[in-house]
Amino acid sequence: MNDERDPAPPAGSRRLSGSPAEGDVLLEVEALSKSYGPVRAIQSLTLDVRAGEVHAVCGHNGAGKSTLVKALVGLVRPDEGTIRFGGEELSLRNPQDAQAHGIALVNQELSLVPELSVEDNIFLGGIDVPLLYRRRSLSERARRTLDELGLEHVSLNAAVESLAIGERQLVEIARLLVREARLLILDEPTATLSKPEIERVFRATRELVAQGRSVIFVSHRLDEVFDLCQRVTVLRDGRVAGTHTIGEIDRRSLIDLMLGEMEGAAAARLHVSEPAQSGGEAVRIEGLDVPGRVDGFSLTLERGIITGLAGQVGSGTSTVLRALGGLVPDSSGAVEVMGRPARLNTPRRALQGGILYMPNDRQREGLFLGQAVESNLTVARLRRLSRLGVVVRRRSLRVARELATMVGVDVGRLGSPVSSLSGGNQQKVLLGRALQLKGVVLLALDEPTRGVDVGGRADIHELVREAARGGTAVIFSSTELDEVLDLADVVVTMFAGRIVSVIPRAKASAASVLADMTTSQPRDGEVQQ
Amino acid sequence: MSAGAGGALRRLGDRRRYRLADTALAAWIGTLTVLTVYGAVTTTGFMTVSNVKAILTAASFVGIIAVGLTLIVLSGNLFSLALGQTVAVTAMFFLYSLQWGLGPAIVMTLLLGLAIGAVQGFAVGAWGANPIIITIGAAGLMEGLAVWLSHGQSIVPPVSATSYERLAQPLFGVPFAIFVFLALTVVVEVAMRRTRFGRQIYLLGENRVSARAAALPITLLTTAAFALASLFTAGAGVLIGATSQNASLLLTGSYTYDAIAAALVGGNAVTGGKGSVLRTAAGAIFIATISDMLLLRGYSTGGQILVRGIIVVVVVVLMNLRERSR
Amino acid sequence: MSALRISKARAVGVSRIVPYAILAVMIATMVLLPVVTSYTLRTAYVYDILQNFSSYGLVALALGITIMAGEFDLSVSSMYLLGGMVAVLTGNGSPLAGVLAALGAAVIVGCVQGGLISYFRLNSMPVTLGGYLVVLGLTYILGHSKSVIYENYDVGLRLDEPIAQVFSIRSLITLGIFVLAALALRYLRVGRDIRSIGGDRRAARVAGVRVDRLLVFVFIMSAIGAALPGALLSYSLATASPTNIGFDVLTFSATAALLGGVSLSGGRGSPVGIAAGVLSLSVLQEILSIVRSPDYVSSLITGGLLVAVTILWAPDISRWFKTTRVATAHYR
């Protein structure tokens, strides 16, 4: 039925010859399992994708989507289970291997070189590209592929850096098509795109499946799932919670499938925490704009109140916090801290104004990995620990010891480099750096528990609550529903750069927040202005 | 070549690679020690007081410059290629300004050095300009200015001024420059460990992106690192000018590379954040020792430069392996 | 109340024209010079410019391509001297054999440096600095710390003999290599791949470019680009010397490459642009020598240009202007 040895079809043919007829199963995943140490990322996962189908994979963070994707493109070797593709059982060693078989991944980190032209990028790194690579036949092939993807207006000679992000994504897809990909995995493709760009990607996707190729569409955005896909598989806690044909399932039941038991658990936790006391207005944000990322963000933050910004990657939550932290020179708008206008053009200015930003990427932008724990804990308060420019050892050690004890990092490790700590402890050091700083009115915590296990997460949440009880205003971003529901007093959901809703925690439910995080429809009634 | 040692090392597990890199480093240090001791014992005239003084004197000029350069290395800005020219320019200025007295001459020369470095550091710190290219350009500018202002003549001190000679005279039988070098090493080492500035330099060198997010004063720190490097180099310029009593661009010599070689051979991480002034000082003394030994054994200039280059390359490779295996 | 102000990112398309604009200004200055001085335009000046061009042009080309690939090679300045030394020492019988020997030395140096840098993933600055010292040391040793005379004077005369009044064999060789490099970088895969590893090395690796092999190639080419003009110049001067310490060659070629539109952040640049950069500096030197200006003026202008171009290309400069403008905007 499927002969792998068939010669590759000429690109641009309306139908792929040698590929299975529409409706036949192209990819079969059976009983796939993968553990990282004691953590079972996916467990006996079974899934099939038909030829000519857009198959959605949904599930909220930690459900196992990314592990599944990595296994399919050879970035991760599964512990058990089989992957059959076009009837042949695959054992993939690396992404090149997967590509040779016709499986290709497009994720947010594109592998295009911005300085090169569109054509050069399409053929970059291809094995069958001849030495004298500027051939008319190749150019024509690239042109045809771009046209199929709806990029008729893009010149082959345009530099990729001059294209919009959505167009770049399509160029990346074009490269994979030229390399004869039969199954494309689009991992959160729309997170950073504008509306017309999303439309363009969708049109291209539909065209691809019309040719008999298949697409796995990994997304949080339920509207898009309903708009584009034929079937949807929901993952929860590393298992398949169900596979459904789109026509047979509605939004509400899809959200329920994703949530499972969570609603009850989160509700139970709510009763434990007592309602927070507002200590008056701390920071007022009005009309914060970041071109292409955040649109008219207005919010008032109060002392002692923890505000959670819920939104998927690319929704603008992180950008809002970075702008508050002085790291986005492009931003505009007005911010008042304790009634005084703040200039947020550099992190130093932001800190002087009373806003401390804690980055989400602790390895790249947060910590100083090779430096001692003590150095890392005291970096933001060196001035107060020194006299005439000399760091007073005793004072510095005492403060570092206090902070380490407070966040639960071994005091005996103060002299070791931070890189020797576990991920969870590294995150605690990063948070410790931000705690008990005089003059800080607002803590802006960007994904405060990224990559931290459950126990560490609870500890960090308690520390944040403690800081809020001390009268600091806190705003944090998270892509994880249960974190938002667990920690926030006020839940703000964002979608595509705009606020969707602002709800007190008592009135928020997992389903309503998830619905707001995944929709493009602002619920005007609930937005406080 | 494709299946070279690098590939082999990369395939090994982390722990084994760590041991291998450490063993290689230990073997290297051992080899160098054995060679040095062997050379010391068998080279006639090496183990004499006067020769040890000669080594330390040679090490001290380069060492003073290299200690300053270390601040640039630690701050994560690679190195400066303008230090040799800074030596020449400041030495010329020092001899010229002696007409206003020794004290003012020293102060003004040091201020000139400070300013030269600060300008370069500002371009690097505030705008992220490439430190290597900026300093190459600065070196060209300094050469041009020096020839222009001196009309291409070498500068000699005014006949009436003899006070500077004290700087060139030995103190307690030891050349003055050695005291300056050792004192500077100790002071800067302590300062880098103890002061806020020192800690911030290490943090900046470790991770510039984190430093920005953590609100460290990146522009100020970078400017200060280059300014201090240039200030110390001006100090060396004063001593060198006083010793040679005649200053022109010829004084540029090979100070730039010798200082960088000292910092690299001492085992400071080129990428910044790790290392110390003490290491650099050790590197400077080591290079001076090897050069002296080769000289006594009749090796040419070429041989000395060649050996220096090989040591630099091997140390850079070994330090990198060790760093990555951590 | 206003805290932050937008400033739209400006298009950088202008930067492509800069190299040619600078060249045009230089040529215009040269042509207009008779207005202010007593000199008249002569074809000999064009010949001189092309001779200047061929003395350092290939170094700028090689260094420029190295920068395009996201690396740097400090060893070109001593490789230039070694090329001359090897050629003079081995080329007494046959000048071609001398040049080939110089190129062979360059291939070895390039292989070692490129191999170390790519397989150990080292920063190219310290490695090529060590390489600079090693190569300089070798040059000293080969020349016994002295200048070496090339007995075969005729070779130099032949190389520099004017052809069609303005050219010489030396400048034709240089121009020819520039043309070949421009064609290769435009039409061969390798040109695209070099730009890709300088532009975004991770993306290039993911896309399947064989980065390590390419890096070795780049450093071999960089060493050859220094050794060849070094050898030819030594023939032309009938002497080779190890004592030209300093960054003269490096300063000239780095300035020319950056003036020629090569971006220090990698991935951008072209041989044609580099040629324009080298020509600009060559014309400048000719103007300075016509008006008999002292040497230091040339250092001043070259150094100043290098600093200016580096700052212009600096990655944080737009951020700096943005943040300072926002800061001052508030006070108004």
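Residues numbered from 1 in each chain as written. Chains lettered and ligands numbered in written order. Predicted model: local features only at pLDDT ≥ 70, side-chain atom pairs only at ≥ 80, totals over all residues.

> If you had to explain the overall build of chain A to someone new, which residues and values would you point to?
Per the secondary structure count, chain A includes 18 helices and 22 strands. When burial is assessed residue by residue, chain A has 50% of its 529 residues classed as buried. The contacts of chain A with a sequence gap of at least 6 include a subset with a gap of at least 24, amounting to 69%. (Helix = DSSP H or I, 4+ residues; strand = E, 2+ residues; numbered from the N terminus. Buried ≥ 20, exposed ≤ 12 C-beta atoms within 10 Å, placed from the backbone. Contact = placed C-beta atoms within 7 Å.)

> For the interface of chain C and chain A, give the residues involved together with the corresponding values.
In this assembly, 28 residues from chain C lie in contact with 32 residues from chain A. The biggest single contributor to the side of chain C that touches chain A is helix 14 (residues 317–331) of chain C, with six residues. Here the side of chain C that touches chain A is built from residues that sort into 13 nonpolar, seven polar and eight charged. (Nonpolar A, V, L, I, M, F, W, Y, C, P; charged D, E, K, R; others polar.)

> Go over the environment of L385 of chain A with me, naming the residues and quoting the values.
If you trace the backbone, L385 of chain A turns up in the loop between helix 13 (373–378) and strand 17 (386–387). Every residue in contact with L385 of chain A, bar those within four places of it in the chain, is listed here: T378, V391, V392, R395, S396 and V399 of chain A.

> Would you mind going over the sheet that holds strand 15 (residues 340–341) of chain A in detail, with residue names and values included?
Residues and elements named next belong to chain A. Taken in spatial order, the four strands of this open sheet run 12-11-14-15, and their pairing is antiparallel. Either end of the sheet is taken by a strand with one partner, and the two such strands are strand 12 (294–302) and strand 15. When strand 11 (residues 281–290) meets strand 14 (residues 332–337), the two strands line up antiparallel, connected through five bridges. What sits directly across from R284, in strand 14, is E336. Sheet strands in contact with helix 10 (residues 317–324) are strand 11, strand 12 and strand 14, and its direction is about 115° off that of strand 11. (Pairing = 2+ DSSP bridges. Axes fitted to C-alpha atoms, helices over the stretch in contact; angles between N-to-C directions.)

> Account for the interface of chain C and chain B, naming residues and giving values.
With 43 residues of chain C in contact, the opposing surface of chain B contributes 48 residues. Mapped by element, the contributors of at least two residues to the side of chain C that touches chain B are helix 4 (95–119), helix 5 (124–142), helix 11 (248–259), helix 13 (295–313) and helix 14 of chain C. Residues that form the side of chain C that touches chain B fall into these classes: 29 nonpolar, twelve polar and two charged.

> Can you lay out the packing of helix 6 (residues 131–150) of chain B against helix 13 of chain C for me, pointing to particular residues and giving the numbers?
Interaxial distance between helix 6 of chain B and helix 13 of chain C falls to 7 Å at its minimum, and their mutual angle equals 155°. Viewed along their axes, helix 6 of chain B and helix 13 of chain C adopt a mutual orientation that is roughly antiparallel. Both helix 6 of chain B and helix 13 of chain C take part in a crossing whose hand is left-handed. Between helix 6 of chain B, through I133, I134, I136, G137, A138, G140, L141, E143, G144, L145, V147 and W148 of chain B, and helix 13 of chain C, the contact on the second element is made entirely by D295, Y296, S299, L300, T302, G303, G304, L306, V307 and T310 of chain C. (Parallel < 35°, antiparallel > 145°, perpendicular 65-115°, else oblique. Left-handed = near helix turned anticlockwise from the far one by under 90°.)

> Help me get a handle on the packing of helix 4 (residues 136–148) of chain A against helix 5 (residues 165–178) of chain A, residues and values and all.
Residues and elements named next belong to chain A. The N-to-C vectors of helix 4 and helix 5 enclose an angle of 125°; their axes lie 9 Å apart at closest approach. Taken together, the axis directions place helix 4 and helix 5 in an arrangement best described as oblique. Considering the relative orientation of helix 4 and helix 5, their crossing is right-handed. Touching R141, A142, T145 and L146 of helix 4 are A174, L177 and V178, all from helix 5. Of the residues belonging to the contact of helix 4 with helix 5, the class tally is five nonpolar, one polar and one charged.

> Requested: an account of the pairing of strand 1 (residues 25–36) of chain A, with residues and values cited.
All names here are of chain A. Sheet analysis places strand 1 next to strand 2 (residues 39–50), joined by eight bridges and oriented antiparallel. The partner of S35 across the bridge, within strand 2, is R40. The loop that links strand 1 with its antiparallel partner strand 2 comprises two residues; one of these, G37, has a positive phi angle of about 60°. Taken together, the five bridges between strand 1 and strand 4 (residues 80–85) define a ladder with antiparallel strand orientation. Within the sheet, the bridge partner assigned to V29 lies in strand 4 and is I83.

> Before we move on, can you summarise unusual backbone geometry with the specific residues and values?
A positive phi is found at M338 of chain A, a non-glycine position, where the angle reads about 50°. Examined against the element boundaries, M338 of chain A turns out to sit in the loop between strand 14 and strand 15.

> Help me get a handle on the confidence of the model for chain A, residues and values and all.
Residue and element names in this part refer to chain A. Averaged over chain A, the pLDDT score is 84; the fraction of residues at 70 or greater is 90%. Scored below 50 in pLDDT, residues 1–20 makes 33 contacts in the model with residues more than four places away or belonging to other chains. Below a pLDDT of 50 lies the segment residues 523–529, which in the model reaches twelve contacts outside its immediate sequence neighbourhood of four places, other chains included. (pLDDT = per-residue confidence, 0-100.)

> Tell me about the nonpolar core, and please be specific about residues and values.
Counting residues in hydrophobic clusters, the biggest one holds 375 residues, and the most contacted among them are L184, I185 and A444 of chain A, I65 and L69 of chain B together with A227 of chain C. The element that contributes the greatest number of residues to this core is helix 11 (residues 218–244) of chain B, accounting for 16 residues. Not counting residues up to four positions away in its chain, the partners in contact with L69 of chain B are F79, S80, L83, A229, A259, I260 and A263 of chain B. (Core = buried A, V, L, I, M, F, W, Y, C linked by C-beta atoms within 7 Å.)

> Please set out the pairing of strand 13 (residues 306–310) of chain A residue by residue, giving values where relevant.
Residue and element names in this part refer to chain A. Counting buried positions over the five residues of strand 13 gives five, a clear majority of the element. As paired elements, strand 13 and strand 20 (residues 473–478) share five bridges and run parallel to each other. Looking at strand 20, one finds that L309 is bridged to S477. Pairing of strand 13 with strand 21 (residues 490–495) involves four bridges; the strand directions are parallel. Bridge pairing in strand 21 places L309 opposite V492.

> Could you give an account of helix 15 (residues 423–434) of chain A, naming the residues involved and the relevant values?
Residue and element names in this part refer to chain A. Between its first and last C-alpha atoms helix 15 spans 17 Å; for twelve residues at 1.5 Å apiece the expected length is 16 Å, and the two agree. Within helix 15, ten of the twelve residues are buried, which leaves it mostly tucked inside the rest of the structure. Where helix 15 is concerned, the buried positions are N425, Q426, Q427, K428, V429, L430, L431, G432, R433 and A434. Immediately downstream of helix 15, the backbone of Q436 shows phi near 55°, a positive value. (Expected span 1.5 Å × (residues − 1).)

> So what's going on with the sheet that holds strand 2 of chain A? Residues and values would help.
Residue and element names in this part refer to chain A. The four strands are arranged 2-1-4-5 in an open sheet whose pairing can be described as antiparallel. Looking at which strands have only one partner, the edges of the open sheet turn out to be strand 2 and strand 5 (88–90). Across the sheet, the axes of successive neighbouring strands diverge by a mean angle of 25°, strand direction being ignored. Across three bridges, the pairing between strand 4 and strand 5 is antiparallel. Each residue of the ladder has a partner; that of I83, found in strand 5, is L90.

> Outline helix 11 of chain C, listing residues and values.
An ideal rise of 1.5 Å per residue puts 16 Å on twelve residues; helix 11 of chain C measures up with 16 Å between its terminal C-alpha atoms. Burial analysis of helix 11 of chain C places eleven of its twelve residues in the buried class, which makes it a mostly covered element. Regarding helix 11 of chain C, the residues found buried are V249, L250, T251, F252, S253, A254, T255, A256, A257, L258 and L259 of chain C. Among the structural elements, helix 6 of chain B together with helix 1 (18–36), helix 2 (43–68), helix 3 (76–90), helix 12 (271–290) and helix 13 of chain C are those in contact with the buried residues of helix 11 of chain C. With its phi angle positive at about 90°, G261 of chain C sits one or two positions after the end of helix 11 of chain C.

> Explain the environment of T301 of chain B to me, and be specific about the residues and the numbers.
Along the chain, T301 of chain B turns up in helix 14 (residues 301–325). With 19 C-beta atoms counted inside 10 Å, the residue T301 of chain B sits in the partly exposed group. For the pair T301 of chain B and T135 of chain B, spaced 166 residues apart in sequence, the C-alpha separation works out to 26 Å. In this structure T301 of chain B touches Y140 and S145 of chain C, once residues within four positions along its chain are discounted.

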